[in-house]
Amino acid sequence: MQADSREIYSNQTGVHDNLEQVVLKHLRHPFLKPPADHTRQAFTAVSERISAAPAPLILDSCCGTGVSSRQIALQHPDSWVIGLDRSAKRLDKEYEDALPDNLLMVQADCVDFWKLAVEAGWQLQKHYLLYPNPYPKSVQLKYRWHGHPAFADLLRLGGLLEVRSNWQLYIEEFSQALKLAEQATEGCEVIDPAGQYLTLFERKYCQSGQTVYRCLSTLSFGNAS
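What you are looking at is a predicted structure, and each value in this text was computed from that prediction instead of being measured. The residue numbers shown here count from 1 along each chain, following its written sequence. With pLDDT at 70 or above as the cut-off, local features in this predicted model cover only qualifying residues; side-chain atom pairs require 80 or more to be listed or tallied, and sums for whole chains, interfaces and linings still use all residues. Side-chain measures here rest on the full set of heavy atoms in the structure, leaving out hydrogens and waters.

Visitor: Explain the overall build of the chain to me, using residue names and the numbers behind them.
Guide: What counts as a helix is a DSSP run of H or I of at least four residues, what counts as a strand is a run of E of at least two, and both are numbered from the N terminus. Counting its secondary structure elements, the chain contains 8 helices and 7 strands. Residue contacts are counted whenever heavy atoms from the two residues lie within 4.5 Å of one another. Counting only contacts in the chain whose residues sit at least 6 apart along the sequence, the fraction spanning at least 24 positions is 76%. Only the protein chains shown count as covering a residue, and every accessible area follows the Shrake-Rupley method with a 1.4 Å probe. About 11,600 Å² of surface is accessible on the chain, with carbon and sulfur atoms providing 47% of the total. In this tally, Asp and Glu contribute negative charge and Lys and Arg positive charge; neither His nor the terminal groups of the chain are included. Where a charge sits is defined by one atom per residue type, namely NZ (Lys), CZ (Arg), CG (Asp) or CD (Glu). Taking the average place of the 22 positive charges on the side chains of the chain and the average place of its 26 negative ones, the gap between the two points comes to 5 Å.

Here it is, written out as structure tokens:
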């Protein structure tokens with residue numbers, strides 16, 4: 001049965017003309033917005049939990065209902081997997097199976113959580129950004145993760161970064177932003193999940209005949225080694 005999923009429409013036809021200016025500005029100037037108290041509390045609770053049983057750290061940022069987080073946790077049983085999303089409604093979705101023991105689902109703002117993790121000296125094993133809101137209008141560049149002031153904190157967390165999208169231009173821009181930050185990347189590549197879908201969005205896109213793109217980068221920036 002073929003799913004019905006519309007492709008992304010944008011008035012932007014190529015990598016944004018202001019990408020370099022925006023990315024370099026954010027890399028050169030620290031993001032000074034203080035984290036919200038509720039995210040500080042969430043971060044403290046997570047830190048206490050993982051410090052009691054140290055293991056490699058994996059973030060699944062903007063995880064939605066946590067379908068991807070569950071799969072990632074099962075694939076990495078010897079690591080802590082932290083699924084982050086700011087929506088309690090999405091995180092509260094009920095599943096028949098229990099959470100894997102190595103998975104923590106956390107309601108928090110990713111921007112604030114990343115900043116606190118950087119300040120705490122975290123270094124990740126892996127970091128997933130799966131199908132983030134593409135903000136496809138040309139005027140929305142600064143809302144995309146690679147155009148956001150938090151981009152530098154994302155890079156400082158290190159690890160193998162994997163970004164997936166059904167919008168090729170998003171991945172091309174993200175890859176270019178990584179290069180501007182002097183991070184190695186294989187660029188934009190087509191992938192075929194072949195039925196092993198990490199998210200419900202991914203399943204919907206693939207079943208409706210859309211192409212899935214990703215970029216990979218082993219980060220070495222700031223705190224990252």
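Visitor: So what's going on with the environment of Leu 57? Residues and values would help.
Guide: Mapping Leu 57 onto the fold places it in strand S1 (residues 57–61). Here Leu 57 falls in the buried class, since its relative accessible area comes to 9%. Between the C-alpha atoms of Leu 57 and Trp 122, which are 65 residues apart in sequence, the distance is 8.3 Å. Excluding residues within four positions of it along the chain, Leu 57 makes contact with Ile 50, Trp 80, Trp 122, Leu 124, Gln 125 and Lys 126. Think of it in three bands: with a 1.4 Å probe and only protein chains considered, a residue is buried below 20% of the maximum accessible area for its type, exposed above 50%, and partly exposed in between.

Visitor: Give a detailed account of the packing of aromatic side chains, specifying residues and quantitative values.
Guide: Each aromatic ring pair is described using two quantities: the centre-to-centre distance and the angle formed by the ring planes. Here the aromatic set is Phe, Tyr and Trp, taking the six-membered ring for Trp, and pairing holds for ring centres within 6.5 Å; pairs whose planes are under 30 degrees apart are stacked, those over 60 apart are edge-to-face, and all others are tilted. In the structure shown here, the tally under the stated rule is 9 aromatic pairs. Here Tyr 131 and Tyr 205 contribute two aromatic rings whose centre-to-centre distance is 5.5 Å and whose plane-to-plane angle is 55°, an arrangement assigned as tilted. One end of the pair, Tyr 131, is in the loop between strand S4 (126–130) and helix H6 (151–156); the other, Tyr 205, is in helix H8 (residues 200–207), and 74 residues separate them in sequence.

Visitor: Go over the pairing of strand S5 (residues 159–165), please, and point to the residues and values.
Guide: Within S5, 6 of the 7 residues are buried, which leaves the element mostly enclosed by the surrounding structure. The pairing criterion for strands is at least two bridges between them, as found by DSSP. Bridge analysis of S4 against S5 gives 5 bridges, and the strand direction is parallel. Its bridge partner lying in S5, Leu 129 is registered against Val 163. With the strands aimed away from the viewer, a crossover counts as right-handed if its path from the first strand over the helix to the second runs clockwise. Following the backbone out of S4, through H6 and into the adjacent parallel S5, one traces a crossover that is right-handed. Across 7 bridges, the pairing between S5 and strand S7 (residues 212–219) is antiparallel. Bridge assignment links Val 163 to a residue of S7, and that residue is Cys 215.

Visitor: Break down the pairing of strand S2 (residues 80–85) for me, citing the residues and quoting the values.
Guide: In terms of burial, S2 is largely enclosed, as 6 of its 6 residues are buried. Alternating positions in S2 separate into two faces, Trp 80, Ile 82 and Leu 84 on one and Val 81, Gly 83 and Asp 85 on the other, with burial throughout. Judged from the 5 bridges that link them, S1 and S2 form a sheet pairing that is parallel. The partner of Leu 59 across the bridge, within S2, is Ile 82. After leaving S1, the chain enters helix H3 (residues 67–75) and then returns to the sheet as S2, a path that is right-handed. The pairing of S2 with strand S3 (residues 103–107) spans 5 bridges and is classified as parallel. Across the sheet, the residue bridging to Gly 83 is Met 105, located in S3.

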